[in-house]
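Tertiary structure, described
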Amino acid sequence: MATKCFNEVDPVCGMVLNSCTADFTEDFEGKTYGFCSQKCKDLFHGNPKRHIENPASHVGMPGPREIPEKH
Ligand SMILES: [Zn+2]
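Nothing here was measured: the structure is a model prediction, and the numbers come from that model.

**What about the overall build of the protein?**
Secondary structure summary: the protein contains 2 helices and 2 strands in total. Secondary structure elements of the protein occur, N-terminal to C-terminal, as β-β-α-α. Residue burial in the protein is summarised as follows: out of 71 residues, 30% are buried. Contacts in the protein between residues at least 24 apart in sequence constitute 37% of all its contacts with a sequence separation of at least 6.

Here's what the structure looks like:
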């Protein structure tokens, strides 16, 4: 099943999504964001705006990294 994704890169970890057939997607403000894994989807779900405004860059990291929130 093909899923139409708004993004081409996972905003949480920076992984390039080869095609918009991501199994893990999240709708936010009318756009469908795709992710590489359930974990990234969950992280995005916890704070969508943070990941949209400060998306991860693709740096070849082995996995997503938690960035501490500033309070
Ligand atoms: Zn990811």
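Following the structure, the description resumes.
**Some words on the coordination of the zinc ion**
Those protein atoms acting as donors to the zinc ion are Asp 10 (OD), Cys 13 (SG), Cys 36 (SG) and Cys 40 (SG), and they sit at 2.0 to 2.3 Å. Classification of the site at the zinc ion rests on its 4 donor atoms, whose angles at the metal span 101 to 117 degrees, yielding the label tetrahedral. Within one chain, the residues donating to the zinc ion are spaced in sequence as D-x2-C-x22-C-x3-C. With Cys 13 in the segment before strand 1 (24–28) and Cys 40 in helix 1 (residues 38–46), this pair connects stretches of sequence that are 27 residues apart. Cys 40 carries the same exposure label as Cys 13, and that label is buried.

**Considering the pattern of salt bridges**
Scanning the entire structure with this criterion turns up 1 salt bridge. Residue Glu 29 pairs with Lys 49 through a salt bridge whose shortest N-O separation is 3.2 Å. In this pair, Glu 29 is assigned in the loop between strand 1 and strand 2 (31–35) and Lys 49 in helix 2 (residues 48–53), connecting sequence segments 20 residues apart. In this structure Lys 49 comes out as partly exposed when scored by relative accessible area, which is 42%.

**Re unusual backbone geometry**
The phi torsion of most residues other than glycine is negative, and most of the peptide bonds are trans. Its identity is not glycine, yet Glu 29 carries a phi of approximately 50 degrees, on the positive side. Using a relative accessible area of 60% as the deciding quantity, one classes Glu 29 as exposed.

**Section: the nonpolar core**
Within the largest apolar cluster, 8 residues are counted, these being Val 12, Cys 13, Phe 28, Tyr 33, Phe 35, Cys 40, Leu 43 and Phe 44. Elements supplying a minimum of two residues to this core: strand 2 and helix 1. If you tally residues by element for this core, the top one is helix 1, at 3 residues.

Cut-offs and rules
Residues numbered from 1 in each chain as written. Predicted model: local features only at pLDDT ≥ 70, side-chain atom pairs only at ≥ 80, totals over all residues. Heavy atoms only, no water. Helix = DSSP H or I, 4+ residues; strand = E, 2+ residues; numbered from the N terminus. Buried < 20%, exposed > 50% of the residue type's maximum accessible area, 1.4 Å probe, protein only. Contact = heavy atoms within 4.5 Å. Donors = N, O, S within 2.8 Å, 3.2 Å for Na, K, Ca; no water. Tetrahedral: all angles 85-135°; square planar, octahedral: opposite > 155°, others 65-115°. Salt bridge = Lys/Arg side-chain N within 4 Å of Asp/Glu carboxyl O. Core = buried A, V, L, I, M, F, W, Y, C linked by side-chain atoms within 4.5 Å.

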